[in-house]
Amino acid sequence: MITLLRVDHRLLHGQVAFSWTQYVGADCILIANDSVPNDELRKTTIKLAKPPSVKLVIKNINDSIEAINSGVTDKYNLFIVVESVEDAWRLASSVEGINSINLGGIKAKEGARNISKAINLLPDEIEKLTQLVGNGVEIEIRQVPNDRKQLLAESL
């Protein structure tokens, strides 16, 4: 079961690893990212942030989609963390059961619109997220579980 899909440009760090994992009751964290599986330094850093009682899996986006759709992850309460809106869109468009996406940290880029303290979206990212909302996916903005849940539509 997918407990949460979170977009955070930092991927796994203390805040995500502990507060969100506990909050959603996850026993497995999937880092879905196309560059991390081939980057030993980033993999090591991510592994250091993992809570001791939680399984960590690092896969590229296509392998993540394949693993989830095959049913191999069904035995876990799965918390998925991606680095970008594009990666979240790819997953949510290809996997049933992703009903909610948490935007936790998207750094500023040229041409991006700041919609909250830690969320900066390019026009094509807003379009992709709006498409997902139209397909029934809840898009919420929250850095930590104790923050007030803010829906994307309230910020645009």
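Now for a look at the structure at hand. (Residues numbered from 1 in each chain as written. Predicted model: local features only at pLDDT ≥ 70, side-chain atom pairs only at ≥ 80, totals over all residues. Heavy atoms only, no water.)

1. Things to note about the pattern of salt bridges
Tallied over the entire structure, the rule returns 10 salt bridges. Where Asp-8 meets Arg-6, a salt bridge forms, and the shortest distance between an N and an O atom there is 2.9 Å. With a relative accessible area of 0%, Arg-6 lands in the buried category. The shortest N-O distance in the salt bridge between Asp-8 and Arg-10 comes to 3.2 Å. Within this structure, Arg-6, Asp-8 and Arg-10 form a network of salt bridges that share partners. (Salt bridge = Lys/Arg side-chain N within 4 Å of Asp/Glu carboxyl O. Buried < 20%, exposed > 50% of the residue type's maximum accessible area, 1.4 Å probe, protein only.)

2. Quick word on the packing of aromatic side chains
For the coordinates displayed, the defined rule picks out one aromatic pair. With a centroid separation of 5.6 Å and an interplanar angle of 90°, the aromatic rings of Trp-20 and Tyr-23 are classed as edge-to-face. Taken together, the residues span about one helical turn, with Trp-20 and Tyr-23 both in helix α1 (residues 14-24) at a distance of three residues. Judged by relative accessible area, Trp-20 falls into the buried class, the value being 0%. (Phe/Tyr/Trp six-rings, centres within 6.5 Å; stacked < 30°, edge-to-face > 60°. Helix = DSSP H or I, 4+ residues; strand = E, 2+ residues; numbered from the N terminus.)

3. Section: the nonpolar core
Core analysis: the biggest nonpolar cluster contains 32 residues, and Ile-80, Leu-91, Ile-101, Leu-103 and Leu-121 have the highest contact counts within it. With four residues, the single largest contributor to this core is helix α4 (residues 85-94). Sequence-distant contacts of Leu-121, that is, excluding residues within four places in its chain, are made with Val-85, Ile-106, Gly-111, Ala-112, Arg-113, Ile-115, Ile-126, Leu-129 and Leu-152. Among the nonpolar cores identified, the runner-up in size contains 18 residues, and Leu-11, Ala-26, Ile-29 and Val-81 belong to it. (Core = buried A, V, L, I, M, F, W, Y, C linked by side-chain atoms within 4.5 Å. Contact = heavy atoms within 4.5 Å.)

4. A word on the pairing of strand β8 (residues 138-141)
As paired elements, strand β5 (residues 100-105) and β8 share four bridges and run parallel to each other. In the strand pairing of β8, Ile-101 is matched with Ile-139. Relative to strand β9 (residues 150-151), β8 runs antiparallel, the two being bridged by two bridges. Within β9, the residue paired with Ile-141 across the bridge is Gln-150. (Pairing = 2+ DSSP bridges.)

5. Some words on the side chain of Ser-155
Within the secondary structure, Ser-155 sits in helix α6 (residues 152-155). Beyond its immediate stretch of four places on either side in the chain, Ser-155 contacts Arg-113, Ile-115, Ile-141 and Gln-150.

These results come straight from atomic positions and should not be treated as a statement about function.
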